[in-house]
Structures are given as structure tokens and as C-alpha cells.
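For reference, the chains in residue letters:
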Amino acid sequence: MVGKVSRRKLLQLASAGTAAAAFPAPFVSGVTRAASADPILLGVPTAQTAQAGVADHQDYLNGTTLALEEINAAGGVLGRQVKAVVVDIDPLSPESGQVAINKLIDAKVHAMSCAFVFTPIPVADVSARYKAPLLWGLTQRNMTDLVVKQPDKYSHVFQTDPSEVHYGHTFPVFLKAMKDQGTWKPLNNGVHIVQEQIAYNQTISKALQASLPKSEFKLAGITDIQYPVQDWGPVIQEIKKIGAGAVMIDHWVAAEYAAFVKQYSADPLKGALVYLQYGPSQPEFLELSGPAAEGFVWSTVLGVYADEKGKAFRAKYKKRFPGIMGLCYTGNGYDTTYYLKAAWEAVGDPSNFKGVSDWIRKNSYRGVCGFMSMDNPYQECAHYPDTGDAIGAADLEKGMAQLFFQVQNGEHKIIYPDVLVENKLQKAPWW
């Protein structure tokens, strides 16, 4: 998922982060030796050697590590320290996912916390034999659909963000908002989808195609790409040939997005709004893109807000992990850890898997990435704004906001929704 140089750097960070997370914090006054010797174990499957997912998983581990350090320094949970048990996982391999979960079961962890995998069903099936709570920022409706159909089997599985269908549903809403504000004057009302082939991207594309007829925008064309993309030249020529007012690059690899923006900036479709699906959230996008990233738009259903709570988290995260900060899974790992802390303390026994899962299902948590509530058949977070999907929130404080960013002066700035904006959409260099 990352280039060779960036990936090597990330793996070095992964080693450091894993070491920090794999051992309990130093002895804290007020914590008994017996409690310290009997920690609560949090399993964190983390991509460290895979070709995909290393950056997001490292962000997640970092956020988890920060939360654990804070929790343990404050006395732990129920008088016990919380220790992360980190195992390697390949998000694209169902076999790797099953091995990782089995290792955590062997370690007798009290809960599992993970960024995501692209093959969730085999992973969830293995976890169902153990039933420790499994919380992940999966973003996949195909898995939460199964939770609806088999609630007993997957009663312990919780998706800590909205599903990917919202990327498709919300894109026309976002375009209309930018048009109505006068910050974007579209060439036309056409939308060109450049789609990768994995199920995640295909679901997003299909949701967008289904939503366009209900909006003032229309489908102008679809171009297929296949990871890894060796040369964006033919795709850019197709973008210019179709000439749509808005282009969605429905991909997922930050390093390849960086290659795209460099090529596109040199030969753009003048006036087009270009949206890059999610991938720019990963730190290496800005590192590899440099000035070429300026003006591009992206979004996430799982982003760190820029409100008072979000800003405070960003500040302490950057202090703990200097450098460019990922704005998605950093906050998700942090929030999920605190969500579990609340559940463990409420139930009083982390070994009571059913009790903890039942508490999570009925109780919400407001984190740095917004409002998390699993009290619905999908056991996934509601999406803000409400676009008519099965799980939508009309009130910001009853859902998790999909944040749209634009790269402005080398930084990601929230431009939508209005209640959370940091800045308005700016003219891209090629407009």
C-alpha cells in the first residue's frame, strides 16, 4: 500500500509502536503488584509486514498506544493495567486474519481492537468461537449486513464507524453544497468515476451510481483501474476526454494517489473538482505528493474533528508521535480503547464477554471522531449527515460526521459539513 522508501520508514515506526504497545506502562502509584501482574489484555491485530494497510494500522496502533498510556498512568481499569497484545496481520489475506485472531484467542485477550481488514467475514467467524468483543473501523456494509442476519453469532462484533456506502450517497450532497455556496462553479453536472476493483471500492461506486439520479448530477463515465496502477497517464487522458465537472478517484492507496496528483497537476482537466477517495488521510500522501497535493479533495467517515475535543487530541498525539498526523485511524484507535474502558468499568469484569458486548450495544460514546452508538441491528455507527440510508443521523451529536477535506497550503482542512468546517473550499491550482 506504500512505496518502498515510505514503507520502510513506516515499518521502523511500527516496530517502535509495537514495542510501546506490547508492554504495560511502568508501575504507577496506587496500583497493586497483584493487579499489575494480572493485566487486562487488549488484542490489536496490526499490519506490519503486509503490502497493504501498514500506514492506517500504524495510525491505529499509535492512537491505541496513546490511550493506553493515559489510562495506565491514571491507574488503569478496575485497578488493573491494560496491556496491548499486538499480532501481525495481512488485511488482504483471510488466512492471515484467521491466524491473527487465533493467536489472540490463545493469548486469552479480553477484547480485540483493529483498524480493518478487507476479508472480514473469515476473521469474524473465527472470533465467534471465542466471543470476546471485537471492535473495528471496518467501513464495510457487507459485514454489518451479516450482523443483521445472524445477530447471535456476531453479537460481539461492532463497527466503530459508518459503512462505505455513505461515500457514494454523500458525494452528490457535497457537490451541491459546494455549488450552492459559490465556492465551486462546475464545468457541467457530470460525475466521472475512476474505480478500483476490490469490493470496498465497488460498493462505493455502486452507491454513487444509485444516488446520482436522485440529485442534479449525472454519471458522465466510468473508468476501471487495477491495483497496482503503474501509469496514470491513460487515466488522465480519459478524464480529459470525458470532461466531467467532478471526478471521483475511487481508489485506496496513498502512494499511488501521490503519483496521480503529480501526473494530474502537470496535465489537468482545467476546472474539474477532483476527489480522491479516503487514501490522502494516510501521512505518506502529503510526504510523497509535496506541493502537487494542493487543491485536491478527499473525505472520510472516520475523521478526527477539529472541535475543542478533536484539537486537544491532535495536539497531544503530535507531541507523542511527531510528524504528519493521520486524521482517521489515529482517533479511532484512541476512541475504541476508551469505549472499551467504559464498558469494562461498567460491567466490572473484562472476562464477562457477553456482559461487555451487551453494554457496548446499549451505550454510546462520544469520542474525538464523533458519536459512537451500536444500538442498531447493524451494530455500526450512524452517519451524519442523514442521506436516507438505513443508519443516518439528522443531529451531529447522534452520529459520526463524514468529513470532507481539501489540501490547502500543505495541510488538510475540513471544508464540509458546515457545522465542523475549518475553511471554505479554495480554488484548485488548475481551476
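Refer to the structure printed above.
1. Topic: the sheet that holds strand 10 (residues 297–300)
And step 1. Spatially, the 7 strands line up as an open sheet ordered 7-6-8-9-10-15-16, and their pairing is mixed. Of all strands in the sheet, those bounded by a partner on one side alone are strand 7 (218–224) and strand 16 (411–416). Adjacent strand axes in the sheet meet at a mean angle of 30°, parallel and antiparallel pairs treated alike.
And step 2. Docked against the sheet, helix 7 (residues 165–181) engages strand 6 (190–195), strand 8 (246–250), strand 9 (273–277), strand 10, strand 15 (403–408) and strand 16, running at close to 85° with respect to strand 16.
And step 3. Taken strand by strand, helix 10 (residues 254–266) contacts strand 8 and strand 9, and its axis lies near 165° from that of strand 9.

2. What to know about unusual backbone geometry
And step 1. Of the consecutive residues Tyr227 and Pro228, the connecting peptide bond is found in the cis state with omega at 0°.
And step 2. On the secondary structure map, Pro228 appears in the loop between strand 7 and helix 9 (233–242).
And step 3. Of the consecutive residues Tyr416 and Pro417, the connecting peptide bond is found in the cis state with omega at 5°.
And step 4. Positionally, Pro417 belongs in the segment after strand 16.
And step 5. Positioned with a positive phi, Leu78 is a non-glycine residue whose angle comes to about 55°.
And step 6. Inspection of the secondary structure assignment puts Leu78 in the loop between helix 3 (54–73) and strand 2 (82–88).

3. Re the packing of aromatic side chains
And step 1. For the structure on display, the rule yields 28 aromatic pairs.
And step 2. Taking the centre distance of 6.2 Å and the plane angle of 25° together, the rings of Trp184 and Phe217 count as stacked. Linking Trp184 in the loop between helix 7 and strand 6 with Phe217 in the loop between helix 8 (199–211) and strand 7, this pair joins segments that are 33 residues apart in sequence.
And step 3. Taking the relative accessible area as the measure of exposure, Phe217 reaches 3% and is therefore buried.
And step 4. By way of ring pairs, the aromatic residues Tyr60, Phe116, Phe118, Tyr200, Tyr227, Trp252, Tyr278 and Tyr329 are connected into one cluster.
And step 5. When the ring centre of Tyr378 is taken as reference, the NZ or CZ atom of Arg141 above it lies at 4.8 Å.

4. Considering helix 4 (residues 94–106)
And step 1. The end-to-end C-alpha distance of helix 4, which contains 13 residues, comes to 18 Å, matching closely the 18 Å that a straight helix rising 1.5 Å per residue would cover.
And step 2. Those residues of helix 4 that fall on the buried side of the exposure criterion are Ser96, Gly97, Ala100, Ile101, Leu104 and Ile105.
And step 3. Looking at the buried residues of helix 4, the elements they touch are strand 1 (40–46), strand 2, strand 3 (111–114) and helix 5 (120–127).

5. Remarks on the side chain of His166
And step 1. Here His166 is to be found in helix 7.
And step 2. For His166, the side chain forms a polar contact with the side chain of Asp389, separated by 3.5 Å.

6. A short note on the environment of Val301
And step 1. By secondary structure assignment, the location of Val301 is in the loop between strand 10 and helix 12 (308–320).
And step 2. Measuring from C-alpha to C-alpha, the distance between Val301 and Pro162 comes to 6.2 Å, with 139 residues separating the pair along the chain.
And step 3. Not counting residues within four places of it along the chain, the set of residues in contact with Val301 comprises Thr139, Asp161, Pro162, Ser163, His166, Tyr167, His383, Met400, Ala401 and Gln402.

7. Notes on the side chain of Ser113
And step 1. Tracing the chain through its elements places Ser113 in strand 3.
And step 2. Classification of Ser113 as buried rests on a relative accessible area of 0%.
And step 3. Separated by 2.5 Å, the side chains of Ser113 and Tyr60 make a polar contact.
And step 4. Here Ser113 is in contact with Leu42, Gly43, Val44, Pro45, Tyr60, Leu135 and Thr336, once residues within four sequence places are set aside.

8. Here's the deal with the sheet that holds strand 3
And step 1. Spatial ordering of the open sheet is given by 2-1-3-4-5, a layout of 5 strands whose pairing is parallel. Of all the strands in the sheet, just strand 2 and strand 5 (157–159) have a single pairing partner and so form its edges. Between one strand axis and the next, the sheet turns by 20° as a mean value, whatever way the strands run.
And step 2. Bridge count between strand 4 (residues 134–136) and strand 5: 3 bridges; the pairing is parallel. Of the residues in strand 5, the one forming a bridge with Trp136 is Gln159.
And step 3. Its contacts with the sheet put helix 4 on strand 1, strand 2 and strand 3, and the angle it makes with strand 2 is roughly 145°.

Quick notes on the rules
- Residues numbered from 1 in each chain as written.
- Predicted model: local features only at pLDDT ≥ 70, side-chain atom pairs only at ≥ 80, totals over all residues.
- Heavy atoms only, no water.
- Pairing = 2+ DSSP bridges.
- Helix = DSSP H or I, 4+ residues; strand = E, 2+ residues; numbered from the N terminus.
- Axes fitted to C-alpha atoms, helices over the stretch in contact; angles between N-to-C directions.
- Contact = heavy atoms within 4.5 Å.
- Phe/Tyr/Trp six-rings, centres within 6.5 Å; stacked < 30°, edge-to-face > 60°.
- Buried < 20%, exposed > 50% of the residue type's maximum accessible area, 1.4 Å probe, protein only.
- Lys NZ or Arg CZ within 6 Å of the ring centre and 35° of its normal.
- Expected span 1.5 Å × (residues − 1).
- Polar contact = N/O pair within 3.5 Å; in protein donor to acceptor, adjacent residues only side chain to side chain.

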